[in-house]
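Commentary on secondary and tertiary structure
Below, each chain spelled out in residue letters.
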Amino acid sequence: MIIEPKVRGFICTTAHPTGCRVNVANQIAYAKVQQKKLSSHSAISPKKALIIGSSTGYGLATRISLAYTYQASTIGVMYEKEASGNRTATAGWYNTAAFESFAANDGLYAQTINGDAFSREIKDETIAKIKRDLGKVDMVIYSLAAPRRTMADGTVFSSVLKATTDTFVSKSLDLRHNTIEEASIPTATEEEIESTIKVMGGEDWAEWIDALVAADAIEGNAITVAYSYIGPELTYPIYKEGTIGHAKEHLHKTANLITKEYQQRGIHAYISVNKALVTQASAAIPVVPLYISLLYKVQKELGTHEGCIEQINRMFTEKLLIEKPDVDKNGYLRLDDYELDSKVQEQINATWDKVTTDNLKDLADIDGYWDDFYTMFGFKLSGVNYTEEVDTAMSIPSIS
Ligand code: NAD
């Protein structure tokens, strides 16, 4: 079938297998170059990693970095759909099929579990695989971005993207028409805040670590990292002070709890505060796509723009896996350092008030935003012939 992008607002309902493969190959090429640059200052080198949320965005980049910069064996957990009938598989499915095939060719162990990471069943299945194939893991990355969480008793909690103090009225990019609109983001109820914390907070991360420790499937000196975002004041009402910010605050507290609880064993939990980037998760947050397209414009001009793979490689090679991890006063790894640079933020603040539908193309990197968006689903990659028929069915060696 000839696959074309079908974009509905902030989501694309199709994905291109060849394009996703090229996207993964490009990230692998970057990670391999970084491997050559690794020097003796990289004190720690993870060998057996578990990545929860491994198929797209930051989690995929993490898996690629660990495998190709550090030669680590990786087990990934994801929630993706394979192709059926006229429907293509999801991008994360194709990414993972490609990653596993590259890893097999390069003699790297890579296995994937597809299912709900929140569930006990998937935790048990993952742990059984770790014990069978790797014995124990020495690194656990928590990179889930999920819309909902189903509890063991069937209760479903949903993550909502709302303000928490006042209704937040702001400029926003209407992704359907590329126009600047005024978005009004309502205030969440207490229940909605709690529900978002259940989904995107740290409870499930801690449950994973507890389960791994209980099963003796994690090394004594293991490192675990969860990804977070803080952002600039401009987006505080929808992010840092919004429902999602409350969940992230819970995640941050969980890092301290995990480190404290497993201090004797030497397990250390970190928060990595990453940069805002176009991913399936961030595209869904109101106001954020406009901010990202202004950020891209400024950072590309300054030469400090990074994508997921560059961010994650820098996290490992320059912040985390060095003699003494480079953390801020709260203990966080700050990969948002270039984003929050005052020069960058001053320029964004100056353009924020001026940006309109008419000057959007000049003031914001709207093309860069959409390029990243399409790339995520395997479209618009150079070297791919999109007029060619492709087979949508693609198996993931470790799954089917
Ligand atoms: P993403 O949507 O690209 O990836 C989410 C991953 O989670 C995918 O692998 C998906 O398969 C998996 N997943 C979702 N629900 C699952 C479930 N129930 N069970 C198993 N797997 C499931 O998102 P992303 O932007 O890479 O986000 C990853 C983390 O990084 C999040 O914590 C996010 O808050 C954080 N972060 C993102 C940004 C950004 O701008 N994108 C910035 C900083 C931090």
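Notes on the structure follow. (Residues numbered from 1 in each chain as written. Predicted model: local features only at pLDDT ≥ 70, side-chain atom pairs only at ≥ 80, totals over all residues. Heavy atoms only, no water.)

Looking now at the nonpolar core. Within the largest apolar cluster, 129 residues are counted, with the highest numbers of intra-cluster contacts made by Leu50, Trp205, Leu212 and Phe316. Not counting residues up to four positions away in its chain, the partners in contact with Leu50 are Ile75, Val77, Thr126, Ile130, Val137, Met139, Val140, Ile141, Trp208 and Leu212. (Core = buried A, V, L, I, M, F, W, Y, C linked by side-chain atoms within 4.5 Å. Buried < 20%, exposed > 50% of the residue type's maximum accessible area, 1.4 Å probe, protein only. Contact = heavy atoms within 4.5 Å.)

Moving on to the sheet that holds strand β11 (residues 218-228). If you walk across this open sheet you meet the 7 strands as β5-β4-β3-β6-β11-β12-β13, and the pairing is parallel. In the strand order of this sheet, the two ends are held by β5 (110-114) and β13 (333-334), each with one partner. Direction of pairing for strand β3 (residues 48-52) relative to strand β4 (residues 73-78): parallel, over a ladder of 5 bridges. Within β4, the residue paired with Leu50 across the bridge is Ile75. (Pairing = 2+ DSSP bridges. Helix = DSSP H or I, 4+ residues; strand = E, 2+ residues; numbered from the N terminus.)

This model, assessed by the stated rule, comprises 11 aromatic pairs. Aromatic pair Tyr369 and Trp370: ring centres 5.7 Å apart, planes at 80 degrees, arrangement edge-to-face. Overall, the relative accessible area of 0% leaves Tyr369 in the buried class. Each ring, one from Phe373 and one from Tyr374, has its centre 5.8 Å from the other, and the planes form 90 degrees; the classification is edge-to-face. On the basis of relative accessible area, Phe373 is assigned to the buried category, the value being 0%. Its end group placed over the ring of Tyr236, Lys240 keeps NZ or CZ at 4.9 Å from the ring centre. A cation over an aromatic ring shows up here: Lys380 above the ring of Tyr374, its NZ or CZ 4.3 Å from the ring centre. (Phe/Tyr/Trp six-rings, centres within 6.5 Å; stacked < 30°, edge-to-face > 60°. Lys NZ or Arg CZ within 6 Å of the ring centre and 35° of its normal.)

Attention now goes to helix α7 (residues 243-261). Between its first and last C-alpha, α7 extends 27 Å over 19 residues, near the 27 Å set by a 1.5 Å rise per residue. Of the residues making up α7, those classed as buried are Thr243, Ile244, Gly245, Ala247, Lys248, Leu251, His252, Thr254, Ala255, Ile258 and Thr259. Packed against the buried residues of α7 are α5 (190-200), α6 (203-214), β11 and β12 (268-273). (Expected span 1.5 Å × (residues − 1).)

Here we take up the site of the ligand. Taken together, 29 residues sit near the ligand, with Ser55, Glu80, Ala117, Lys248 and Thr279 positioned nearest. Take Thr56: an N or O atom from its side chain is 2.9 Å from an oxygen atom of the ligand. When residues of the shell around the ligand are traced back to their parent elements, those giving at least two are α2 (57-68) and β11. Here the residues of the shell around the ligand are counted per class, giving 13 nonpolar, 12 polar and 4 charged. (Near = heavy atom within 4 Å. Polar contact = N/O pair within 3.5 Å; in protein donor to acceptor, adjacent residues only side chain to side chain. Nonpolar A, V, L, I, M, F, W, Y, C, P; charged D, E, K, R; others polar.)

The next thing to look at is the environment of Thr235. As for its position among the elements, Thr235 is in the loop between β11 and α7. Separated by 67 residues in the primary sequence, Thr235 and Phe168 place their C-alpha atoms 9.9 Å from one another. Excluding anything up to four places from it in sequence, Thr235 contacts Lys240 and Tyr291.

Next up on the list: the pairing of β11. Judged by how many residues are buried, β11 sits mostly within the fold: 8 of 11 residues are covered. In this sheet, β11 lies alongside strand β6 (residues 137-142) in parallel orientation, the contact comprising 5 bridges. Across the sheet, residue Ile141 finds its bridge partner in β11, namely Val225. Between the parallel pair β11 and β12, the chain is carried across by α7, and the sense of this crossover is right-handed. (Right-handed = clockwise from strand over helix to strand, strands pointing away.)

With that settled, the discussion passes to the packing of helix α1 (residues 17-37) against helix α3 (residues 91-105). Two elements in contact, α1 and α3, have axes whose closest approach is 8 Å; the angle formed by their N-to-C orientations is 55 degrees. In terms of orientation, α1 and α3 fall into the oblique class. Crossing handedness for the pair α1 and α3: right-handed. Touching Pro17, Cys20, Arg21, Val24, Ala25 and Ile28 of α1 are Ala91, Tyr94, Asn95, Ala98, Phe99, Ser101 and Phe102, all from α3. In terms of residue class, the contact of α1 with α3 is built from 10 nonpolar, 2 polar and 1 charged. (Axes fitted to C-alpha atoms, helices over the stretch in contact; angles between N-to-C directions. Parallel < 35°, antiparallel > 145°, perpendicular 65-115°, else oblique. Left-handed = near helix turned anticlockwise from the far one by under 90°.)

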